[in-house]
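Letter by letter, the chains look like this.
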Amino acid sequence: MNLDELQSIRDRERQSDSLQQLREDFYVEVGAFVQELRDEREAAADRADDPFDAPEVNRLTDDIKTAEQTVEAIYERRVGKLVKMASFAAADMPTEDEGLTAEERELFERMVAAIEGNRETVMG
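Rules behind the numbers
Residues numbered from 1 in each chain as written. Predicted model: local features only at pLDDT ≥ 70, side-chain atom pairs only at ≥ 80, totals over all residues. Heavy atoms only, no water. Core = buried A, V, L, I, M, F, W, Y, C linked by side-chain atoms within 4.5 Å. Buried < 20%, exposed > 50% of the residue type's maximum accessible area, 1.4 Å probe, protein only. Helix = DSSP H or I, 4+ residues; strand = E, 2+ residues; numbered from the N terminus. Contact = heavy atoms within 4.5 Å. Axes fitted to C-alpha atoms, helices over the stretch in contact; angles between N-to-C directions. Parallel < 35°, antiparallel > 145°, perpendicular 65-115°, else oblique. Left-handed = near helix turned anticlockwise from the far one by under 90°. Nonpolar A, V, L, I, M, F, W, Y, C, P; charged D, E, K, R; others polar. Salt bridge = Lys/Arg side-chain N within 4 Å of Asp/Glu carboxyl O. Phe/Tyr/Trp six-rings, centres within 6.5 Å; stacked < 30°, edge-to-face > 60°.

*Asks:* Explain the nonpolar core here, please?
*Replies:* L6, F26, F33 and A67 are the most contacted members of the largest nonpolar core, which totals 18 residues. Mapped by element, the contributors of at least two residues to this core are α1 (3–15), α2 (26–47) and α3 (55–90). Residue contributions to this core peak at 7 residues, all from α2. If we ignore the near neighbours within four places in the chain, the residues touching F33 are M1, N2, L3, L6 and A67. Judged by nonpolar contacts, the second largest core, of 12 residues, contains L19, V79, L107 and V112.

Structure (structure tokens):
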């Protein structure tokens, strides 16, 4: 996992109306990647005479911020697509749910169940 891969995933997700295939443990991998960056930054700050003015510390801080913003953009775009997919699935329309992460699959199933339950309540 690296910033280029994350940005590529974000770009592909933006360019398509359908969900892009992601590894099931994508968000776990991203969390580990960001934690690695934080650990690197902490080590760089420990080595620096002035951690607030150290180029390596500043670069790592920027990388962390970029990674977090990129993952948030990926997540928000994918959740929007999941909501649409769940609506279709609850209406017994075919959906393609391959390539969901574990967290997304759980969210998708909960949304479908909630929509179906709500329909049952409203329609009687």
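Let's pick the thread back up.
*Asks:* What is the right way to read the packing of α3 against helix α4 (residues 102–123) from this model?
*Replies:* For any two helices packed against each other, the geometry is given by the interaxial angle and the distance between the axes. Across the interface, α3 lies against α4 with an axial gap of 9 Å and an inter-helix angle of 40°. The pairing of α3 with α4 is recorded here as oblique in orientation. The crossing of α3 and α4 is right-handed. Contact with α3, carried on its side by Y75, R78, V79, L82, V83, M85, A86, S87, A89 and A90, involves E104, L107, F108, M111, V112, I115, E116 and R119 of α4 and no other residues of that element. Per-class residue counts for the contact of α3 with α4 are 13 nonpolar, 1 polar and 4 charged.

*Asks:* Would you mind going over the pattern of salt bridges with me for this structure?
*Replies:* Opposite charge on two side chains makes pairing possible when the charged atoms of those side chains draw close. Scanning the entire structure with this criterion turns up 11 salt bridges. Its salt-bridge partner being R47, residue E56 comes within 3.1 Å of it at the nearest N-O pair. For E56, a relative accessible area of 36% corresponds to the partly exposed category. On the accessibility criterion, R47 (55% relative accessible area) is exposed. A single network of salt bridges, built from pairs that share partners, joins E13, R78, K81 and E104.

*Asks:* Before we go on, may I ask you to explain the packing of aromatic side chains in this structure?
*Replies:* Per the stated rule, a full pass over the model turns up 2 aromatic pairs. Measuring from ring centre to ring centre gives 5.1 Å for F26 and Y27, while their planes differ by 75°; the resulting arrangement is edge-to-face. By relative accessible area, which is 0% here, F26 ends up buried. By relative accessible area, Y27 is classed as buried at 16%. With 6.1 Å between their ring centres and 75° between their planes, Y27 and Y75 make a pair best called edge-to-face. Of this pair, Y27 sits in helix α2 while Y75 sits in helix α3, and the two are 48 residues apart along the sequence.

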